[in-house]
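Each chain is listed here by its residues.
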Amino acid sequence: MVALRPLPAALAALLAVLLLPASPVPAGADTAASVEITGYGMLARAGGEALLAALLKARLSLRSEGNPNVRGELMLDGWIGDGAALDIPRAYIKVRLPGLRLTLGKTRLSWGQGFVFNAGDVIFGSLDPIASDLSAEELRDETAWLAALYVPLGSFSFLEGVLLPYGPASVGLAADLAAVLAPVAAEQLAGGVRGVFKLGSAQLEAGYYASGREGEHRPYLALQGHLLVDYQLAAALHVPLAEPPRREASQWLVLSAGLFHLALLPGGRSIAARLEAAVHPAGLWQEAAGTAALAVGTPGAPRYGLYLYPELVFGLSDTLALQLRALISPVDGSALALAGPSWGVYQGLTLFAYVSAMLGDADDLYRWDADPSAAPPGMALPSLALILGAEYIY
Amino acid sequence: MNANSRRPLRPALAALLLLAAVSAGAQSAEQILKRLEDAQRFRTQEAEGTLVITDRFGSRTKTFQSYAEGEERMLLAFTNPEEKGQKILRLSGEIYLYFPEAEEILHLQGAALKESVLGSDFSYEDLTGEESLLERYEPRLLGAERIEDREHFVLELKARKRGAAFPLEKIWVDAERYVPLKAEYYALSGKLLKEMEVLEVKSVSGRFVLSRVIIRDRMKKDSSTELRLGRLRLDEALPRGIFSLERLSW
């Protein structure tokens, strides 16, 4: 069965309203506006049925300019697909004062290192076997309402402290507002501090974060450097706040590691290879069965001990690239793979075509015959999809 | 500048000129290279500019603002919508990148330095040169050429160390203003890798500055990057602490 889902006219109008401020009307002298529009068409196989779907995403960013010591940004997202939604992923003010910098509002802080797997990202958590849009430029882009203090220590080092009243923000304006408007008890607050230092030619990062909402202490260490290839390592402990039983200490440790290498080929071509791993030493190292297998990947359920993210990017020219990306769950032998070209044909315009597939048995993390309605949150991807799209930034 | 306007001197005439120069106490290759570097060395430089990157599908324009202090420190911030807020910091021979969407700082090392800067014919490695040309290369005076009615020294530069981005370079230096007119960059095998041509020289505060330069990557078909400098301020005080991770992520 092929189901065609046209965009409802009312929702298209909603998006038009969103984009109105970014039409060619010049922004104020001290405001810079940019717009990013992405359109996808997808032919997919999901739950044993064929599906035709479309998605239109738009992002409007308004940034302050002119004042060298104050920065502000308001970012609005809108998308229309199965339904329509609005979001404010960023709304912040940054102020530079002598010897320190303050950030107030909703934005992202990138702690640790890693493109997909990063044990040092103790704020947002970058260890889950995500099954999101693998074609995205940034696979981890969560933001949060926060107050942060940044203290530079010379040219290469700094300290940063952060307080999060609400934890990582929910996607969608309504959910985000509901979280912000709800009363917050002191024991639900989250916050931490990190230091970034230069260690020879490497960069060492050490930090601590505690979240009352998630009930955990999270100290971590991260290292980034170069030894034949670029590498990154991170280790974190997720220790329960309330009288942690020591016999469970082995479950607290999480690790991530990554390697990257770029090789230039004749004719201006290149090949970039990346391999990242997330390791849960106390996770499941044997394939789960039955309901336990179906629960893997859901929040709070046991995870498998190892997840991998390999990526190969063949740069055929400076504007044409062929990407191969995969999320692999070696313990149950399943994977989500994506392959296809992207072409930056004109300034700001990128065309792309990808094929993605879930490769695994019915009780694997990535299931070929998954029933989307029964899939864990964030895992309801089609088992096979052809995605054609375009992105335009102006 | 058109190719026909370049009239290489006949070898005999060139030899005569060189002889005359030598007899007049003219300079060695080292002295020419040092004067070239001195003429292009500024205590500080603040500029707004444009990169026009051309390939077989057309051109893309990137705008930027840059700050530099001496040979070792540079901060470059892109201002065009596609890369707005992306920055490159060069400090003590190291390159750091900042991506505002991810709020992430990347320390570029190893092979990643070979990556092209936003698809241009500059690589990050090209930005890392902080040693002087004389420290990196052994120069040899090949002769002189009169191009567009101006006298130019022709120098050959051989890398003193292995592993240089370009083991061999050839450079044409204006004999009066000591600015380069063009340069060729070769691989160890003698293969031409890149060419640079100066399209415009501006006089700023009594100094000659390269304000339009085009780089052609001979390894890529129909590929060029033109650098145009607009507003330019030389030897004026820069904001304090601008070359730091703090300013990179601002």
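None of these values were measured; they are calculated from a predicted model.

So, on to the overall build of chain B. Of the regular secondary structure elements, chain B holds four helices and 14 strands. Looking at chain B as a whole, 31% of its 250 residues are labelled buried. The long-range fraction of contacts in chain B, counting pairs at least 24 apart against all pairs at least 6 apart in sequence, stands at 44%.

What follows is about the overall build of chain A. Counting secondary structure elements, chain A contains three helices and 19 strands. Every one of the 394 residues in chain A was classed for burial, and the buried ones make up 31%. Taking all contacts inside chain A whose residues are at least 6 apart in sequence as the whole, residues at least 24 apart take part in 54%.

Here we take up the interface of chain A and chain B. Of the residues lining the interface, 39 residues belong to chain A; the matching set on chain B comes to 32 residues. When contributions to the side of chain A that touches chain B are tallied by element, the ones reaching two or more residues are strand 1 (31–46), strand 5 (100–107), strand 6 (144–153), strand 10 (216–227), strand 11 (229–237), strand 13 (253–265) and strand 17 (334–346) of chain A. Residues that form the side of chain A that touches chain B fall into these classes: 16 nonpolar, 16 polar and seven charged.

Residue and element names in this part refer to chain A. Structurally, Leu 338 is set in strand 17. What makes Leu 338 partly exposed here is the crowd of 19 C-beta atoms within 10 Å. Separated by 204 residues in the primary sequence, Leu 338 and Leu 134 place their C-alpha atoms 6.8 Å from one another. Look past the residues within four positions of Leu 338 in its chain and what remains in contact with it is Leu 134, Ser 135, Arg 325, Tyr 354 and Ser 356.

With that settled, consider the environment of Leu 351 of chain A. Residue and element names in this part refer to chain A. Along the chain, Leu 351 turns up in strand 18 (residues 349–359). Between the C-alpha atoms of Leu 351 and Asp 82, which are 269 residues apart in sequence, the distance is 23 Å. Leu 351 has contacts with Trp 343, Val 345 and Ala 390, leaving out every residue within four places of it along the chain.

The next subject is helix 2 (residues 29–39) of chain B. All names here are of chain B. Buried within helix 2 are the following residues: Ala 29, Ile 32, Leu 33 and Leu 36. The arc that holds the buried residues of helix 2, viewed along the axis, is 95°, so those residues lie on one side. Where helix 2 is buried, its residues touch helix 3 (133–136), strand 8 (137–147), strand 9 (150–159), strand 10 (168–174) and strand 11 (180–186).

Residues and elements named next belong to chain A. For strand 16 (residues 320–329) and strand 17, the ladder comprises 10 bridges, and the chain directions are antiparallel. Residue pairing in the sheet places Arg 325 in a bridge with Leu 338 of strand 17. Connecting the antiparallel pair strand 16 and strand 17 is a turn made up of four residues, with Gly 333 showing a positive phi of about 65°. Note: strand 17 against strand 18, eight bridges, orientation antiparallel. Note that in strand 18 the partner of Trp 343 across the bridge is Leu 351. Turn length for the strand 17-strand 18 hairpin, with the two strands adjacent in sequence and antiparallel, is two residues, and the turn residue Gly 348 shows positive phi of about 85°.

Further remarks concern the environment of Arg 59 of chain A. All names here are of chain A. The topology assignment puts Arg 59 in strand 2 (residues 49–64). Judged by the 22 C-beta atoms lying within 10 Å of it, Arg 59 is buried. In this structure, the C-alpha to C-alpha distance between Arg 59 and Ile 387, residues 328 residues apart in sequence, is 20 Å. Setting aside anything within four residues of it in sequence, one finds Arg 59 in contact with Val 35, Glu 36, Met 75 and Asp 77.

This paragraph deals with the pairing of strand 10 of chain A. Residues and elements named next belong to chain A. Pairing of strand 9 (residues 202–211) with strand 10 involves nine bridges; the strand directions are antiparallel. Looking across to strand 10, one finds that Tyr 209 is bridged to Arg 218. The pairing of strand 10 with strand 12 (residues 239–240) spans two bridges and is antiparallel. Within strand 12, the residue paired with His 217 across the bridge is Val 239. As defined by bridge partners, strand 10 adjoins strand 11 across eight bridges and the pair is classed as antiparallel.

Another point: unusual backbone geometry. All names here are of chain B. Although it is not a glycine, Glu 148 sits at a positive phi angle of roughly 50°. Here Glu 148 lies in the loop between strand 8 and strand 9. Unusually for a residue other than glycine, Asp 235 sits at a positive phi of about 55°. With respect to the element layout, Asp 235 can be found in the loop between strand 14 (224–234) and helix 4 (245–248).

What counts and what doesn't
Residues numbered from 1 in each chain as written. Chains lettered and ligands numbered in written order. Predicted model: local features only at pLDDT ≥ 70, side-chain atom pairs only at ≥ 80, totals over all residues. Helix = DSSP H or I, 4+ residues; strand = E, 2+ residues; numbered from the N terminus. Buried ≥ 20, exposed ≤ 12 C-beta atoms within 10 Å, placed from the backbone. Contact = placed C-beta atoms within 7 Å. Nonpolar A, V, L, I, M, F, W, Y, C, P; charged D, E, K, R; others polar. Arc of directions from axis to C-beta. Pairing = 2+ DSSP bridges.

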